[in-house]
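Fold and contact review
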Amino acid sequence: MKKFLCALLLLACLSSESANAANSSDAFMSLKFGLKYERVQKRMEKSGAVSTIPRKETLTMEGMFEGYPAMFVFGFYKNKILKSKAVYLLSLGDSNKDANFYAALQKTYNAFYGSGHETPTASTRDKRKLILRNVWTPDRYTTITLTYNPEMSKKLPGKSISSRFIQLIHSYSKWD
C-alpha cells in the first residue's frame, strides 16, 4: 500500500493545480474497508471535502482529487462500515491533460495490481461512443474499476455523475 500512496504523491507533483488546492486524494485512497461511517466522514472533512448528502447507507461529498473537482460516494454495509468508495472527476476542459491524468492513474494501478486489461465499452449515455474501462481484482473480495470517458473531456459538462470523465470505484463484496 505504501508503494501505491507514493505513486499517488508523484501524481500530485505532476499536477500544478493540486499544489495549492485542498486535496482529498490521499484521504480517499487510504480509507480501508470496514471503517465506521463517522470516521470516514471525519477523515474526508479533514482533507477538505464537504458533505453534500449524508445518509446512513451512503455518504456523498465534494472536494478536490489531484487538482480536479471531485464527487466522492461511499457505501456502507448495514449502515455502519465502509464497503465501497468511488470518486468521480470533473474535467477542467483540457482533453490532453485529462488523457495524461487517466494514463498516469492506469499506469499506477497496473504497476501495483498487474494489468487491468483496458477494454473499450459502449457508453451508457450514447451507444455510438466508447469509454475505456480497466478492472483489477487484487483479492477475491475487492474489485477496482477505472473508467475513462474521453467525450467528457472535450467540453465542460454538468455536475452529474454521468458527466464525469473519470470514475474510480473500489468495492468490497465479502459482506454482500
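As a reminder, the structure under discussion sits directly above these lines.
Here is what the cut-offs are and how they apply
- Residues numbered from 1 in each chain as written.
- Predicted model: local features only at pLDDT ≥ 70, side-chain atom pairs only at ≥ 80, totals over all residues.
- Heavy atoms only, no water.
- Phe/Tyr/Trp six-rings, centres within 6.5 Å; stacked < 30°, edge-to-face > 60°.
- Lys NZ or Arg CZ within 6 Å of the ring centre and 35° of its normal.
- Helix = DSSP H or I, 4+ residues; strand = E, 2+ residues; numbered from the N terminus.
- Buried < 20%, exposed > 50% of the residue type's maximum accessible area, 1.4 Å probe, protein only.
- Contact = heavy atoms within 4.5 Å.

Side note on the packing of aromatic side chains
Scanning the entire structure with this criterion turns up 14 aromatic pairs. Stacked on the ring of Phe-28, the Lys or Arg Lys-85 has its end atom at 5.2 Å from the ring centre. One Lys or Arg, Lys-97, reaches over the ring of Tyr-68 and ends 5.8 Å from the middle of that ring.

Observations regarding the environment of Thr-145
Mapped onto the secondary structure, Thr-145 falls in strand 7 (residues 142–148). Taking relative accessible area as the criterion, Thr-145 reaches 16% and is therefore assigned buried. On a C-alpha basis, the gap between Thr-145 and Arg-133 in space is 7.0 Å, while along the polypeptide they are twelve residues apart. Look past the residues within four positions of Thr-145 in its chain and what remains in contact with it is Arg-133, Asn-134, Val-135, Gln-167, Leu-168 and Ile-169.

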